[in-house]
Number of protein chains: 2
Amino acid sequence: MGRHREFDVEKALDAILCVFWSKGYEGASYTDLTEAAGVERPALYSAFGNKEALFAHALDRYYERYLNYIPDALQKPTSREVAAHMLYNAIDLNTRYPKHTGCFNITGLLAGSNDAEPVRQMLIDVRARGEALFRERLERAKAEGDLPETAKPDALAAYLMAVLHGMAVQAKAGFSRETLEAVAEQALATWPAKSS
Amino acid sequence: MGRHREFDVEKALDAILCVFWSKGYEGASYTDLTEAAGVERPALYSAFGNKEALFAHALDRYYERYLNYIPDALQKPTSREVAAHMLYNAIDLNTRYPKHTGCFNITGLLAGSNDAEPVRQMLIDVRARGEALFRERLERAKAEGDLPETAKPDALAAYLMAVLHGMAVQAKAGFSRETLEAVAEQALATWPAKSS
DNA sequence: TCGTTACTATAATGATCGGTATGAAATTTG
DNA sequence: CAAATTTCATACCGATCATTATAGTAACGA
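Think of each chain on its own: its residues are numbered from 1, step by step along the sequence as written. Throughout, the order in which chains and ligands are written sets their labels, letters from A for the former and numbers from 1 for the latter. Local features in this predicted model are restricted to residues whose pLDDT is 70 or higher, and side-chain atom pairs enter the listing and the counts only when it is 80 or higher, whereas totals over whole chains, interfaces and linings include all residues. Excluded from the side-chain calculations are hydrogens and water; all other atoms, namely the structure's heavy atoms, are used.

Visitor: Honestly, the overall build of chain A in this entry has me stumped. Any pointers?
Guide: Strands here mean DSSP runs of E at least two residues long; helices mean DSSP runs of H or I at least four residues long; both are numbered from the N terminus. Counting its regular elements, chain A contains 10 helices and 0 strands. On the principal axes, the C-alpha backbone points of chain A span a range of 65 × 40 × 30 Å. Burial status follows relative accessibility: with a 1.4 Å probe on protein chains alone, a residue under 20% of its type maximum counts as buried, one over 50% as exposed, and anything between as partly exposed. Taken over 196 residues, chain A has a buried fraction of 56%. Calculation of accessible area relied on Shrake-Rupley with a 1.4 Å probe; when residues are assessed, cover is drawn exclusively from the protein chains displayed. Within the structure as shown, chain A displays about 8900 Å² of accessible surface, and the carbon and sulfur contribution to it stands at 50%. The averaged location of the 27 negative side-chain charges in chain A is 1 Å from the averaged location of its 23 positive side-chain charges. A positive count includes Lys and Arg, and a negative count includes Asp and Glu. His and the chain ends are not counted in either. For this purpose, a charge sits on NZ of Lys, CZ of Arg, CG of Asp or CD of Glu.

Structure below.
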């Protein structure tokens, strides 16, 4: 019994996600968040918990809603196609919305006060999980003969993630989609050839 | 006439630089800054101006004191050596100090409230100047025949900067020097060969 | 229609933010 | 020495931070 919630929790979280995406964790104030969500403060607390929990909800949603191309990419037949799909989907994501360029995760990962350390660690952990998935995919590729025996999956995964993170920074610095595509093209030029 | 300054302005700025390096602009409070500098608030204001000016001083000093390898790197005879020196010096810088890993510039560039927008723009501009220097060096290399006629200096410069920025992110995520060296090695594997 | 429930919105909490007024201490000038 | 001037440490400023207590109200079961 009792009154039902008036606002759409999903829509509110979507709006909040965009604010964190643009400003990071501490850069986003509750004034920003409530304005974007169209919902007052206590409603956010009752629906999501405190700011850290709210950010965690937004992070989950980011992976589920915007980084959903990663599972698809990992299923591509060759490691080169996997890498290419990761790169070009990331470029699209990093430049599609002028109000929040770059990557939600990377934006929040770098700077912050001591209070924000748990949040930074959360982002570091999630990032590492993504890289691990990619590394495992490359290990499979090596086992399948899609990558040469000399290939080092861990180094290759770290390398591609570096390019992805670098493009997230550059998107924040205002890079166009076209420039980032040239970066991706150059990155793929290094990809090891099949051993066959 | 009047009383002499008791604290060492240069040492104070060095200490402050490290705080901004670790926490970014807004993540560093005056409490953090005065503790690190061993100097009270009004002294910082009289010596450097407000927080934004203080950050600008720290940024200048960062380039002059820690990024001084860039002019040297640009003078290397071949573009490949230029790129290699930029990469390996950046790795050293990004991992040498456990208290402030990564890059001062990139750390402050991504996140921030609306109030911090001028600071972010400052960092974006400085970053762009660095990339422009590198691009001009690559154009010279192309003119000299050190790069093939098909090489695109702007894309190549953006690519290498992406790797550098990505490594700055990864250093913040705790990557070891060895892992970043593997990333650099992979990045250099893509470098265009001489046309001769 | 009534009592209960849980929402909404307002406003206030203590803490901390960047920035500064204040007066004592220190040094040069006369 | 005394006057003038600058730096120092302390304490305070209004604004804003995340968070929550309070009060009002809409929606439910009975």
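Let us keep going from here.
Visitor: Please explain the protein's contact with DNA strand D as it appears in this structure.
Guide: Whether a residue is near a molecule or strand depends on its heavy atoms: if one lies within 4 Å, it is near. Neighbouring residues of DNA strand D: 23 residues in total, closest A:His4, A:Tyr45, A:Lys51, B:Arg3 and B:Glu6. Taking the atoms of DNA strand D that fall within 4 Å of the protein, sugar and phosphate contribute 69% of them. Counting of polar contacts relies on pairs of N or O atoms within 3.5 Å, with two restrictions inside protein: one atom must be capable of donating a hydrogen and the other of accepting it, and residues adjacent in sequence are counted only when both atoms are side-chain atoms. Separating a phosphate oxygen of DNA strand D from a backbone N or O atom of A:Tyr30 is a distance of 3.0 Å. Here A:Arg41 contributes a side-chain N or O atom positioned 3.3 Å from a base oxygen of DNA strand D. Elements with a contribution of two residues or more to the surface near DNA strand D: helix 2 (30-37) and helix 3 (41-48) of chain A together with helix 3 (41-48) of chain B.

Visitor: How should the domain arrangement of chain A be read in this particular structure?
Guide: When the parts come together, some accessible area is lost, and that loss is often what is quoted as the size of the interface. Residue and element names in this part refer to chain A. You can read the domains of chain A as domain 1 (9-62) and domain 2 (67-188). Here the bounds of each domain stem from an automatic or database domain assignment. Placing a centre on the C-alpha atoms of domain 1 and another on those of domain 2 gives a separation of 25 Å. Here, residues are in contact when the closest pair of their heavy atoms is within 4.5 Å. The interface of domain 1 with domain 2 comprises 15 residues on the first partner and 22 residues on the second. Between domain 1 and domain 2 lies a buried interface of about 1500 Å² when both sides are counted; carbon and sulfur atoms form 72% of it. Looking only at domain 1, the three residues that lose the most surface to domain 2 are Trp 21, Leu 59 and Tyr 62, adding up to 49% of its buried area. There are 5 residue pairs in polar contact (both at pLDDT 80 or more) connecting domain 1 and domain 2. At the level of secondary structure, the elements contributing two or more residues to the side of domain 1 that touches domain 2 comprise helix 1 (9-27) and helix 4 (51-65). For the side of domain 1 that touches domain 2, the leading source of residues is helix 1, giving 9 residues. Here the nonpolar group is Ala, Val, Leu, Ile, Met, Phe, Trp, Tyr, Cys and Pro; Asp, Glu, Lys and Arg are the charged ones; every other residue, Gly included, is treated as polar. Considered class by class, the residues forming the side of domain 1 that touches domain 2 number 10 nonpolar, 2 polar and 3 charged. Here the quantity called buried area is the accessible surface, traced with a 1.4 Å probe, that two parts lose on coming together, added over both.

Visitor: Just to check I follow, could you spell out the pattern of salt bridges for this structure?
Guide: Proximity of charged atoms lets side chains of opposite charge pair with each other. The working definition used for a salt bridge is a side-chain nitrogen of Lys or Arg within 4 Å of a carboxyl oxygen of Asp or Glu. This model, assessed by the stated rule, comprises 21 salt bridges over all chains. When salt bridges with common partners are traced through the structure, they connect A:Glu10, A:Asp14, A:Arg61 and A:Arg65 into a single cluster.

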